[in-house]
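Chain by chain, the residues:
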Amino acid sequence: MIVPVAGKGETVGGEEAKAQELHDQFENDNRAIKEQIFKMIGRNISLWSRLEGHLVYVAAFLLDVPADKAGLIFYSINSFPTWIQIIDELFVLETQFSVCQNSWSAIRSRLLKLNGKRVRMAHHFLQGGEDLSDIMKLSDAELESDEVYPSLKPHRLDTRAKWKQPALGVSEIASFPEEILCVSEAMSELLDKMEPIYFGPKRAVTAIMEQHLKKQAEQQPPVPQATTKGRAEE
C-alpha cells in the first residue's frame, strides 16, 4: 500500500504541531511558576523586615532606651547573629527580665533558623527544575516533589561549606510567611511579659512623686488674695 506523500506530511506536521504546542505551554507554565516564586521571595523579605522591628523593641526594654535609639544602634549592625548575641548578653545583665529568658531562648533558635532561609532568599537565585522531556516521564507522586520546580541555589563559584546543603525549594519558600507569623506571635507574647517589668518600677516612682507633690501642695498655706480696698489705698 502506498501512502500519499501529502497525507504523510500532514500526519507528521500534526504531531510536530502538537509537540510544539505542548512545549510552548510548558515554557509558559514554567515562566509563570518562576514569577510566582519571585513574588513569594519579595513578600518574605518584606515580612522579615517587620520581624526585625519586633526585635528592636525587645532590645529597647533591655537597654532601657527609647525604641528609636535602640533602632539606631541595631540597624547600624549588619550581622543579624550579632543582634541575637547582644540580646543574649543583655538578658544575662538585666536580671529583672530573667523570668523571660526561657521564652527568649525558644525564640532565638527559631530566629536564627529563619535568618538562614532569609539570607538564601536574598542572595541565591532560581535555577534548575526538570526539563519537559523529563517531566513527561514522572508519576503524579513525583510531580509533587520540589525537585521538579526551580529552586534557590548559590552561584556555582560560591563554594563555601555552609552551602553544602539541599537547595531551598518551593515548599520552604511558600511556608516562610507562616513561620514568620508564628515567631512574631511568640515575640508579641515576650514583649507583653517584658512591658510590666520595664514600666512597673517607673510607674511606681511616678506615683510616689505625684503623691509627694500633692502632699506638699496641701501643706502650703493659702496665698492671701488682695482686696479691692487694699488696691484702692495703694
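Residues numbered from 1 in each chain as written. Predicted model: local features only at pLDDT ≥ 70, side-chain atom pairs only at ≥ 80, totals over all residues. Heavy atoms only, no water.

Chemist: Quick question: what am I supposed to make of the nonpolar core here?
Modeler: As a rule of thumb, nonpolar side chains are buried together in soluble globular proteins. Ranked by internal contacts, the top residues of the largest apolar core, which has 41 residues, are Leu-55, Val-58, Ile-87, Phe-91, Trp-104, Leu-111 and Met-194. Here Val-58 is in contact with Ile-87, Phe-91, Met-187, Leu-190, Leu-191 and Met-194, once residues within four sequence places are set aside. (Core = buried A, V, L, I, M, F, W, Y, C linked by side-chain atoms within 4.5 Å. Buried < 20%, exposed > 50% of the residue type's maximum accessible area, 1.4 Å probe, protein only. Contact = heavy atoms within 4.5 Å.)

Chemist: Would you mind going over the layout of surface pockets with me for this structure?
Modeler: Take a probe with the size of a water molecule and roll it over the atoms, and the empty space left behind shows itself. Quantified by volume, the second largest pocket comes out at close to 180 Å³. In this structure, the second largest pocket is lined by Lys-113, Asn-115, Gly-116, Lys-117, Val-119, Arg-120, Lys-162, Trp-163, Gln-165, Leu-168 and Glu-172. In terms of residue class, the lining of the second largest pocket is made up of three nonpolar, three polar and five charged. (1 Å grid on protein atoms, 1.4 Å probe; cavity = no way out; pocket = protein on both sides within 12 Å on 5 of 7 lines; lining within 4 Å. Points joined across faces, edges and corners; volume = space filled by probe spheres on them. Nonpolar A, V, L, I, M, F, W, Y, C, P; charged D, E, K, R; others polar.)

Chemist: How do you make sense of the packing of helix α3 (residues 80-93) against helix α4 (residues 101-123) when you look at a structure like this?
Modeler: Axis angle and axis distance: for two packed helices, these are the angle between their axes and the distance between the axes, and together they describe the pair. Viewed as axis vectors pointing N to C, α3 and α4 meet at an angle of 175 degrees, and their least axial separation amounts to 10 Å. Relative to α4, the element α3 is oriented roughly antiparallel. Counted together, Phe-80, Pro-81, Ile-84, Ile-87, Asp-88, Phe-91 and Val-92 of α3 and Gln-101, Trp-104, Arg-108, Leu-111, Leu-112, Asn-115 and Arg-118 of α4 form the full contact between these two elements. Here the contact of α3 with α4 is built from residues that sort into nine nonpolar, two polar and three charged. (Axes fitted to C-alpha atoms, helices over the stretch in contact; angles between N-to-C directions. Helix = DSSP H or I, 4+ residues; strand = E, 2+ residues; numbered from the N terminus. Parallel < 35°, antiparallel > 145°, perpendicular 65-115°, else oblique.)

Chemist: What am I meant to see in α4 here?
Modeler: The periodicity of an α-helix, 3.6 residues per turn, causes residues three or four places apart in sequence to face the same way. Taking 1.5 Å per residue, 23 residues should reach 33 Å; α4 reaches 32 Å between its end C-alpha atoms and fits that length. Taken as a whole, α4 has its buried residues at Trp-104, Ile-107, Leu-111, Leu-114, Asn-115, Lys-117, Arg-118, Val-119, Arg-120 and Met-121. (Expected span 1.5 Å × (residues − 1).)

Chemist: Just checking my understanding: could you explain the packing of aromatic side chains for this structure?
Modeler: In this description, a pair of aromatic rings is defined by centroid distance and the angle of the planes. Inspection of the entire model under this criterion finds eight aromatic pairs. Look at Tyr-75 and Trp-83: their rings are 5.3 Å apart centre to centre, the planes differ by 80 degrees, and that puts the pair in the edge-to-face class. What makes Tyr-75 partly exposed here is its relative accessible area of 44%. Here Tyr-198 and Phe-199 contribute two aromatic rings whose centre-to-centre distance is 4.9 Å and whose plane-to-plane angle is 85 degrees, an arrangement assigned as edge-to-face. With relative accessibility at 13%, the residue Tyr-198 sits in the buried group. Residue Phe-199 is classed as partly exposed on the basis of its relative accessible area, which comes to 29%. (Phe/Tyr/Trp six-rings, centres within 6.5 Å; stacked < 30°, edge-to-face > 60°.)

Chemist: Explain the pattern of salt bridges here, please?
Modeler: It is possible for side chains bearing opposite charge to pair when their charged atoms get close. The tally for this structure, following the rule as stated, stands at four salt bridges. Asp-88 is the salt-bridge partner of Arg-108, the closest N and O atoms lying 2.8 Å from each other. With Arg-108 in helix α4 and Asp-88 in helix α3, this pair connects stretches of sequence that are 20 residues apart. By relative accessible area, Arg-108 is classed as partly exposed at 25%. Here Arg-160 and Asp-158 are joined by a salt bridge, their closest N and O atoms 2.8 Å apart. (Salt bridge = Lys/Arg side-chain N within 4 Å of Asp/Glu carboxyl O.)

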